[in-house]
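These are the residues of each chain, in order.
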Amino acid sequence: MSNASELPGTDVPLASATWPQVSLSLATPTMPGGSQTDRMGNSSQETPKLFLTTSLARGISGIFVWAALLLTCHQIYLHLRSYTVPNEQRYIIRLLFIVPIYAFDSWVSLLLLGDHQYYIYFDSVRDCYEAFVIYSFLSLCFQYLGGESGIMAEIRGKPIQSSCFYGTCCLRGMSYSIGFLRFCKQATLQFCIVKPAMSALTIVLQAYGKYHDGDFNIHSGYLYISLIYNLSVSLALYALFLFYFATRELLRPFEPILKFLTIKSIIFLSFWQGLLLAILEKCEVIPKVQVIDGSLVSAGTLAAGYQNFIICIEMLFASIALRYAFTCQVYAEKKENSPAPPAPMLSISSGLKETMSPQDIVQDAIHNFSPAYQQYTQQATHETPGPDPHTSPAGGGNRNHSVEKKMLITANEL
């Protein structure tokens, strides 16, 4: 037995010659402190730190965001303090709120960047307000020109000029009618309905693991939601182009170019940046990376992180542009000429509450999508001098109006 346990020609037992080697090779992968585990740890330590999670990126984005918030909130306060033309300033304040909502949502999403897609919830709020902004801008233009009756008095019956740039080449031979204005309103209002619905659907699909940014697979909800969203926003923006093309001469005294370009730039930059990042992700230019806590962040989440970082930077420049585009100087001059005292904080808060109420959107949607639209009698409401809106306890809710009714459409115009 002793000879069987020893190698021939040696005094070393067989067990001592063979088992240590086998034991070493099998035990190395399973030992918690083995050499392979050390190599994985060294590999993770050598992985470059993700820029978006560094203090530098968060600090830079935070500085731009808070600077934009201060500038825009101060401008909103000035408009509320000189709330002399509520029918116009209501929509102006809504447009200004795009900066705080875009900037703060993007910054919080950037701070929460990780393996869990928290940013989807914040992006949903941001995107829903985008629809609110498009509608508010069109409604502001309507108010500038005195409503539907004022616009139709100027453009009704005029031929639509054919222009490939404004997309009116397919409208050759047609003339402006109330149906044209109705289409512009409907095209923007549909986006106010579609976008919140798509945002809610995104959250539901994400909860069930059926939605991933940048995943164009036919079994993923991202493809279909992106198609519906792109069609809806394109239709809404096309309607704004059509309306501007029809009323650009009437809007000239209100300097619409800067207003139009500023609002469109904010929306378009956000849209095209997201599309470009999705393409880069699909081309694997944006790979999966490892964050600080060791969890892998998908390429779609990383692309959304870069999108949020860029928006944080852009919002400061947007706040500066909006400050010049929607200045409150004209309204402040009207306030100075008024004998009423400065607006108290109670009146400012009530004006803000009135501004953010979506009641007018609901009423407008019911009116424009109603089958009984052709029997509708448009009311062109003009304010008459009455109690100052800042002196009434309800923030100007009780005003005297003279109402002029005009039949704008007939059945054969629709």
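Bear in mind that the values here come from a model prediction, so they are computed numbers and not experimental data.

About the thresholds
- Residues numbered from 1 in each chain as written.
- Predicted model: local features only at pLDDT ≥ 70, side-chain atom pairs only at ≥ 80, totals over all residues.
- Heavy atoms only, no water.
- Helix = DSSP H or I, 4+ residues; strand = E, 2+ residues; numbered from the N terminus.
- Buried < 20%, exposed > 50% of the residue type's maximum accessible area, 1.4 Å probe, protein only.
- Contact = heavy atoms within 4.5 Å.
- Areas by Shrake-Rupley, 256 points an atom, 1.4 Å probe, with all protein chains shown as cover.
- UniProt positions renumbered as here; feature names shortened; annotations may be inferred.
- Phe/Tyr/Trp six-rings, centres within 6.5 Å; stacked < 30°, edge-to-face > 60°.
- Lys NZ or Arg CZ within 6 Å of the ring centre and 35° of its normal.
- Core = buried A, V, L, I, M, F, W, Y, C linked by side-chain atoms within 4.5 Å.
- Axes fitted to C-alpha atoms, helices over the stretch in contact; angles between N-to-C directions.
- Parallel < 35°, antiparallel > 145°, perpendicular 65-115°, else oblique.
- Left-handed = near helix turned anticlockwise from the far one by under 90°.
- Nonpolar A, V, L, I, M, F, W, Y, C, P; charged D, E, K, R; others polar.
- Expected span 1.5 Å × (residues − 1).
- Salt bridge = Lys/Arg side-chain N within 4 Å of Asp/Glu carboxyl O.
- Patch = residues over 30% accessible without salt bridge, like charges linked within 9 Å, V, L, I, M, F, W, Y side chains within 5 Å.
- pLDDT = per-residue confidence, 0-100.

1. Some details on the overall build of the chain
For the chain, the helix and strand inventory stands at 14 helices and four strands. A burial count over the chain gives 45% of its 414 residues as buried. Excluding contacts between residues fewer than 6 apart, the proportion of contacts in the chain whose partners are at least 24 apart in sequence is 75%. Carbon and sulfur atoms form 64% of the exposed surface of the chain, whose accessible area is close to 21,700 Å².

2. Brief notes about the UniProt feature "transmembrane region" (unreviewed entry) in the chain
UniProt's feature table lists "transmembrane region" (unreviewed entry) at residues 50–71, 91–112, 132–153, 187–209, 221–245, 257–280 and 306–326, given in the numbering used throughout. Secondary structure over residues 187–209 splits into 91% helix and 0% strand, and the C-alpha atoms at its two ends are 32 Å apart.

3. Some points on the packing of aromatic side chains
Think of a pair of aromatic rings as described by two things: how far the centres are apart, and how the planes are tilted against each other in angle. The final tally for this structure, using the stated rule, is 13 aromatic pairs. Taken together, a centroid distance of 5.7 Å and an interplanar angle of 80 degrees make the contact between phenylalanine 51 and phenylalanine 309 edge-to-face. Taken together, the residues phenylalanine 51 in the loop between helix H2 (35–46) and helix H3 (55–81) and phenylalanine 309 in helix H11 (residues 299–325) connect sequence positions 258 residues apart. Through successive ring pairs, a cluster of aromatic residues spans Phe137, Phe241, Tyr244 and Phe260. Here the guanidinium or amino end of arginine 90 rests over the ring plane of tyrosine 91, the centre of that ring lying 5.7 Å away. For lysine 259, the ring lying beneath its charged end belongs to phenylalanine 326, and the centroid distance is 5.6 Å.

4. A short note on the nonpolar core
In this structure, Phe243, Met315 and Phe326 are the most contacted members of the largest nonpolar core, which totals 73 residues. If near-sequence neighbours (up to four positions away) are discounted, methionine 315 is found in contact with Ala68, Ile98, Val99, Tyr102, Ala103 and Ile266. If you look at the next biggest cluster of nonpolar residues, it comprises 12 residues, including Leu50, Leu52, Leu277 and Ala303.

5. Re the packing of helix H6 (residues 119–144) against helix H9 (residues 221–247)
Look at H6 against H9: their axes get within 11 Å of each other, and the N-to-C directions meet at 15 degrees. By the angle between their axes, H6 is roughly parallel relative to H9. Crossing of H6 against H9: the hand is left-handed. In this structure, H6 uses Glu130, Ile134, Phe137, Leu138, Cys141 and Phe142 to contact H9, whose residues at the interface are Tyr229, Val233, Ala236, Leu237, Leu240 and Phe243. When the residues that make up the contact of H6 with H9 are grouped by side-chain class, the tally is 11 nonpolar, no polar and one charged.

6. Notes on H6
An ideal rise of 1.5 Å per residue puts 38 Å on 26 residues; H6 measures up with 37 Å between its terminal C-alpha atoms. Two residues or fewer past H6, glycine 146 is found with a positive phi of approximately 85 degrees.

7. A short note on the pattern of salt bridges
A side chain with one charge can pair with a side chain of the opposite charge if their charged atoms come near. Tallying each qualifying case throughout the model produces one salt bridge. Between arginine 252 and glutamate 249 there is a salt bridge; the shortest N-O distance is 2.8 Å. With respect to class, arginine 252 is no different from glutamate 249; both count as exposed.

8. Notes on a nonpolar patch on the surface
Together, Leu111, Leu112, Tyr118 and Tyr121 make up an exposed nonpolar region whose accessible area comes to about 330 Å². By the secondary structure assignment, leucine 112 is in the loop between helix H5 (98–111) and H6. Accessibility expressed as a relative area gives 37% for leucine 112, which makes it partly exposed.

9. Brief notes about the environment of isoleucine 92
Relative to the assigned elements, isoleucine 92 resides in helix H4 (residues 86–96). C-alpha of isoleucine 92 to C-alpha of alanine 325: the two residues are 233 residues apart in sequence and 10.0 Å apart in space.

10. Quick word on the environment of leucine 145
With respect to the helices and strands, leucine 145 occurs in the loop between H6 and helix H7 (147–155). Taking the relative accessible area as the measure of exposure, leucine 145 reaches 13% and is therefore buried. Counting along the chain gives 102 residues from leucine 145 to threonine 247, while the straight-line C-alpha distance between them is 8.8 Å. Sequence-distant contacts of leucine 145, that is, excluding residues within four places in its chain, are made with Gly150, Ile151, Phe243, Thr247, Leu250, Leu251 and Phe254.

11. Some details on the confidence of the model for the chain
Note: predicted coordinates in regions of low pLDDT should not be interpreted at a detailed level. Per-chain confidence: the chain averages 74 in pLDDT, with 71% of residues scoring 70 or above. Here strand S4 (residues 401–406) stands out as the element of the chain with the lowest mean pLDDT, 38, in contrast to H3, whose mean of 93 is the highest. Within the model, pLDDT remains below 50 along residues 374–414, and this stretch shows 77 contacts once partners closer than five positions in the same chain are excluded.

12. With respect to the side chain of glutamine 75
Considering the arrangement of structural elements, one finds glutamine 75 in helix H3. Glutamine 75 has contacts with Leu96, Ser319, Leu322, Arg323, Phe326 and Thr327, leaving out every residue within four places of it along the chain.

13. Focus on the packing of H3 against H5
Where H3 meets H5, the closest approach of the two axes is 9 Å, and the angle between their N-to-C directions is 160 degrees. Between H3 and H5, the angle is such that the two are roughly antiparallel. Of the two possible hands of crossing, H3 and H5 adopt the one that is left-handed. Each of Arg58, Ser61, Gly62, Val65, Trp66, Ala68, Leu69 and Thr72 in H3 lies in contact with H5, whose residues at this interface are Val99, Pro100, Ala103, Phe104, Trp107, Leu110 and Leu111. A class-by-class count of the residues in the contact of H3 with H5 yields 11 nonpolar, three polar and one charged.

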